[in-house]
Amino acid sequence: MTVSRRTVNKLILGAGLTAPYHFVRPAVAQPKPGDELVVGVWGGAQERIVKAHIEPALVEKYGCKISYVLGGTGERRARAYAERGRPSFDVIYLNIYESRQAVRDGVTQAPTPAVENFENLYPLARLGGYGVAFNPCTIVYDKTRASAPITSWKDMWNPEWQGRIAWPLMGGAEGISALMMAARAWGGDENNVEIAFEKIKELKPLAAIQSSQAQLFEMFDQDICDLSIEFGSFTRSYAETRNPNIEIADPVEGQAVTMNVACITEGSRNQKLAEEWINLHLSEDCMLAYAREIYYSPTVSNLTIPDDLKPKLIIGDQVDRLVDFDWDVVTAGLPKWQARFDREIAG
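On a predicted model such as this, the values are computed, not experimentally measured, just so you know.

*Asks:* Hey, could you go over the packing of aromatic side chains for me, with residue numbers and the actual values?
*Replies:* Tallied over the full model, the rule gives 12 aromatic pairs. An aromatic cluster of three or more residues is present, and its members are F231, F234, Y290 and Y296. Taking NZ or CZ as reference, R76 lies 4.6 Å from the ring centre of W42, over its face. We note R79 situated over the ring of F89; from NZ or CZ to the ring centre the distance is 4.6 Å.

What follows is the structure, given as structure tokens:
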């Protein structure tokens with residue numbers, strides 16, 4: 001059958017109106033030897049892991065170069081926004097709410113099946129880019145000071161913890177998680193945090209306001225506090241190396257999700273390399289390296305996880321119990337909540 005030019009044009013127009021965005025992107029050029037992929041990622045263990053488990057495979061396959069911009073998300077996020085449409089980054093790692101906002105702002109791309117392991121991502125890890133690690137926040141406490149295991153966020157209000165709680169500063173993931181989960185446990189939510197502030201005030205006097213994991217662990221060591229809200233992964237490392245009395249709670253209401261997300265910038269000059277980089281990050285080799293070294297839980301469901309790691313990670317049905325928030329509401333409310341926290345809780 002002969003298809004006329006007019007018919008072809010109609011078909012193309014129809015596809016453009018109905019097909020997902022990734023199907024109508026321009027053809028992606030194949031990488032050439034010497035191409036340079038620029039990756040913005042955290043330093044420390046994360047730098048070490050990606051250099052050991054991603055870079056060698058990509059360089060061997062394409063003869064490319066990898067450059068890193070290391071540090072916290074604040075600086076690279078600001079740079080990515082300043083360079084919108086003409087990025088120097090190809091891949092940037094952001095936190096859960098920064099990544100979703102960056103897609104809406106046209107700074108980074110939404111995830112697509114062009115990354116082969118996309119199909120193995122949990123649904124929660126397909127938001128804002130490619131989720132590469134679950135690292136939930138929950139209650140952590142000295143089990144030798146507890147009359148019974150903590151099973152609910154409401155258990156923090158048991159009188160035995162009065163004066164022994166180190167509450168996290170507002171603004172970071174721990175502080176946001178603590179406020180949101182307090183609200184939800186007592187009948188509120190992102191749109192109604194009044195109940196959370198009133199309930200947190202009932203916990204005063206607090207033992208301390210903690211501003212970092214390192215500070216919290218020092219306070220546990222020095223018997224300044226017995227309970228706080230913290231990342232489970234870092235706390236597990238601390239418990240295994242320094243303080244076996246520390247327990248990581250799994251409340252019936254769930255743990256607050258936090259997630260590291262790998263994002264490809266809009267306008268990346270190395271689209272294929274960026275997709276392959278992220279695909280390697282989602283591979284079993286790299287995912288298990290993260291799980292083994294820093295207890296980051298995998299975001300893909302197709303791994304064979306060693307038995308000794310299973311009780312230490314969030315996997316399978318446990319992922320469905322992670323509590324996600326309306327981050328638009330959280331981001332909008334944070335400045336006001338921060339001021340109120342400083343005035344009514346920390347002050």
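*Asks:* Give me the lowdown on the nonpolar core, citing residues and values where you can.
*Replies:* Residues V39, Y93, F134, M156, W167, W277 and I278 are the most contacted members of the largest nonpolar core, which totals 101 residues. No other element matches the 8 residues that helix α6 (residues 173-185) contributes to this core. Setting aside anything within four residues of it in sequence, one finds Y93 in contact with V39, G40, V41, W42, I54, T73, R76, V132, V261, A262, W277 and H281. By size, the runner-up hydrophobic cluster in this structure holds 12 residues, among which are V140, A166, F217 and F220.

*Asks:* Go over unusual backbone geometry with me, naming the residues and quoting the values.
*Replies:* Working note: non-glycine residues mostly have negative phi, and peptide bonds are mostly trans. For the peptide bond that leads from K204 to P205, omega is 5 degrees, which places it in the cis range. Structurally, P205 is set in the loop between α7 (194-202) and β7 (208-210). Here D223, not a glycine, exhibits a phi torsion of approximately 60 degrees, which is positive. For D223, the position within the fold is in the loop between α8 (213-221) and β8 (227-231). You will see that Y295, though not glycine, has its phi angle at about 60 degrees, which is positive. By the secondary structure assignment, Y295 is in the loop between α11 (284-294) and α12 (317-320). Classification of Y295 as buried rests on a relative accessible area of 10%.

*Asks:* Go over α7 with me, naming the residues and quoting the values.
*Replies:* Of the positions making up α7, those classed as buried are A196, F197, K199 and I200. Seen from one end, α7 has its buried residues packed into an arc of 165 degrees, which puts them on one side.

*Asks:* Can you explain the packing of helix α2 (residues 45-53) against α11? Please cite residues and give values.
*Replies:* Contact pair α2 / α11: the axes reach a minimum separation of 10 Å and the direction vectors enclose 150 degrees. Considered as vectors, α2 and α11 are oriented roughly antiparallel to each other. Crossing hand, α2 versus α11: right-handed. Packed against α2, whose contacting residues are A45, Q46, R48, I49, V50 and H53, the element α11 presents D285, C286, A289, Y290, E293 and I294 at the interface.

*Asks:* Hey, could you go over the pairing of strand β5 (residues 137-142) for me, with residue numbers and the actual values?
*Replies:* β5 sits mainly inside the fold: 6 of its 6 residues count as buried. Of the strand pairs in this sheet, β5 and β8 are connected by 5 bridges, and their pairing is antiparallel. Residue pairing in the sheet places Y141 in a bridge with L227 of β8. The pairing of β5 with strand β9 (residues 246-248) spans 3 bridges and is classified as antiparallel. Residue pairing for β9: D142 is matched across the bridge by I246.

Cut-off values and rules
- Residues numbered from 1 in each chain as written.
- Predicted model: local features only at pLDDT ≥ 70, side-chain atom pairs only at ≥ 80, totals over all residues.
- Heavy atoms only, no water.
- Phe/Tyr/Trp six-rings, centres within 6.5 Å; stacked < 30°, edge-to-face > 60°.
- Lys NZ or Arg CZ within 6 Å of the ring centre and 35° of its normal.
- Core = buried A, V, L, I, M, F, W, Y, C linked by side-chain atoms within 4.5 Å.
- Buried < 20%, exposed > 50% of the residue type's maximum accessible area, 1.4 Å probe, protein only.
- Helix = DSSP H or I, 4+ residues; strand = E, 2+ residues; numbered from the N terminus.
- Contact = heavy atoms within 4.5 Å.
- Arc of directions from axis to C-beta.
- Axes fitted to C-alpha atoms, helices over the stretch in contact; angles between N-to-C directions.
- Parallel < 35°, antiparallel > 145°, perpendicular 65-115°, else oblique.
- Left-handed = near helix turned anticlockwise from the far one by under 90°.
- Pairing = 2+ DSSP bridges.

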